[in-house]
Amino acid sequence: PQVVDKLRRGERVEHVETVRLTKSGEPIAVSVGFGGIRDARGELVGVAATARDISGRLRAEQEIKESAERYRALSEATREGIAIHDGNRIVEANAAFGALFGHAPADVVGRVPWDFIAPEARQETMARAMSGAADPYESVGLRKDGSRFPLEVCVRWVTYQGRPMRVKLVRDLTAHKAAEAE
């Protein structure tokens, strides 16, 4: 009745996603669209409905959601800092990345990646990042409070949101260096 009332008033009726039964009695997810059938005077005399099977799309959406949840869980479970950047700005970072440098995770996104590298190590770190080399290397991290610490960096080029990006994995080497010194 609501669909007919809207069509009678000349309003557009959005597609409705619902579950219907096939002839064999199997449930199927569909998107139903409605259109008004009018006579020569413009009076509504009927309603046309079309149903489109959307079960494949819903399955794909669920798989994408589950995949994103898996990767988010893996990212948040590690103590290594992970940031995705385009060379100019960080677009994603896990909580460990922010914690490693003394920042809230929300304060990391949008920042320049080099803000987290001590000034004396930036030139070499930039050169290594631009070279595309995949081998981990050591650098010097810069925390929010200005303190410096030894850092292992590993960079990988990826396509993220349709653009070439870098995934930067960082690990605090302070305990490792102390153990080596002993």
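A brief look at the structure comes next. (Residues numbered from 1 in each chain as written. Predicted model: local features only at pLDDT ≥ 70, side-chain atom pairs only at ≥ 80, totals over all residues. Heavy atoms only, no water.)

### What about the sheet that holds strand E2 (residues 27-38)?
- Strand order in this open sheet of three strands is E1-E2-E3, and the pairing throughout is antiparallel. The open sheet is flanked by strand E1 (16-21) and strand E3 (44-53), the only strands paired with a single partner. When the angles between neighbouring strand axes are averaged without regard to direction, this sheet yields 45 degrees.
- Of the strand pairs in this sheet, E1 and E2 are connected by six bridges, and their pairing is antiparallel. Bridge assignment links Val16 to a residue of E2, and that residue is Val32. (Pairing = 2+ DSSP bridges. Helix = DSSP H or I, 4+ residues; strand = E, 2+ residues; numbered from the N terminus. Axes fitted to C-alpha atoms, helices over the stretch in contact; angles between N-to-C directions.)

### Examining the environment of Arg52
- With respect to the secondary-structure elements, Arg52 resides in strand E3.
- As a C-alpha pair, Arg52 and Gly33 span 19 residues in sequence and 8.4 Å in three-dimensional space.
- When neighbours within four sequence positions are excluded, Arg52 is seen to be in contact with Ala29, Val30 and Ser31. (Contact = heavy atoms within 4.5 Å.)

### Focus: the packing of aromatic side chains
- Going through the model one piece at a time under the given rule, you end up with four aromatic pairs.
- Each ring, one from Phe101 and one from Phe149, has its centre 5.6 Å from the other, and the planes form 55 degrees; the classification is tilted. With a gap of 48 residues between them, Phe101 in the loop between helix H3 (95-100) and helix H4 (105-108) and Phe149 in strand E7 (residues 148-160) connect regions that are remote in the sequence.
- By relative accessible area, which is 3% here, Phe149 ends up buried.
- Just above the ring of Phe149 sits the side chain of Arg143; from NZ or CZ to the centre is 3.8 Å. (Phe/Tyr/Trp six-rings, centres within 6.5 Å; stacked < 30°, edge-to-face > 60°. Buried < 20%, exposed > 50% of the residue type's maximum accessible area, 1.4 Å probe, protein only. Lys NZ or Arg CZ within 6 Å of the ring centre and 35° of its normal.)

### A look at the sheet that holds strand E6 (residues 137-142)
- The strand order E5-E4-E8-E7-E6 describes an open sheet built from five strands, whose pairing is antiparallel. A single partner strand is all that each edge strand has here, and the edge strands are strand E5 (90-93) and E6. Across this sheet, the average inter-strand angle for adjacent strands is 35 degrees, counted without regard to direction.
- Where strand E4 (residues 81-85) meets strand E8 (residues 163-172), five bridges bridge the pair, whose relative direction is antiparallel. Counterpart to Ile84 in the pairing with E8 is Val167.

### What to know about the pattern of salt bridges
- Enumeration over the complete set of coordinates arrives at 14 salt bridges.
- Between Asp5 and Arg8 there is a salt bridge, and its shortest N-O distance comes to 3.6 Å. Here Arg8 and Asp5 lie together in helix H1 (residues 2-8), a separation of three residues that amounts to about one turn.
- Taking relative accessible area as the criterion, Asp5 reaches 36% and is therefore assigned partly exposed.
- Look at Arg8 and you get exposed, because its relative accessible area is 52%.
- Arg57 serves as the salt-bridge partner of Glu17, at 2.7 Å between the closest nitrogen and oxygen. (Salt bridge = Lys/Arg side-chain N within 4 Å of Asp/Glu carboxyl O.)

### Overview of the environment of Ile28
- Relative to the assigned elements, Ile28 resides in strand E2.
- Distance from Ile28 to Thr18, taken between C-alpha atoms, is 8.4 Å for residues 10 residues apart in sequence.
- When residues no more than four places from it in sequence are discounted, the contact partners of Ile28 are Thr18, Val19, Arg20, Thr22 and Asp53.

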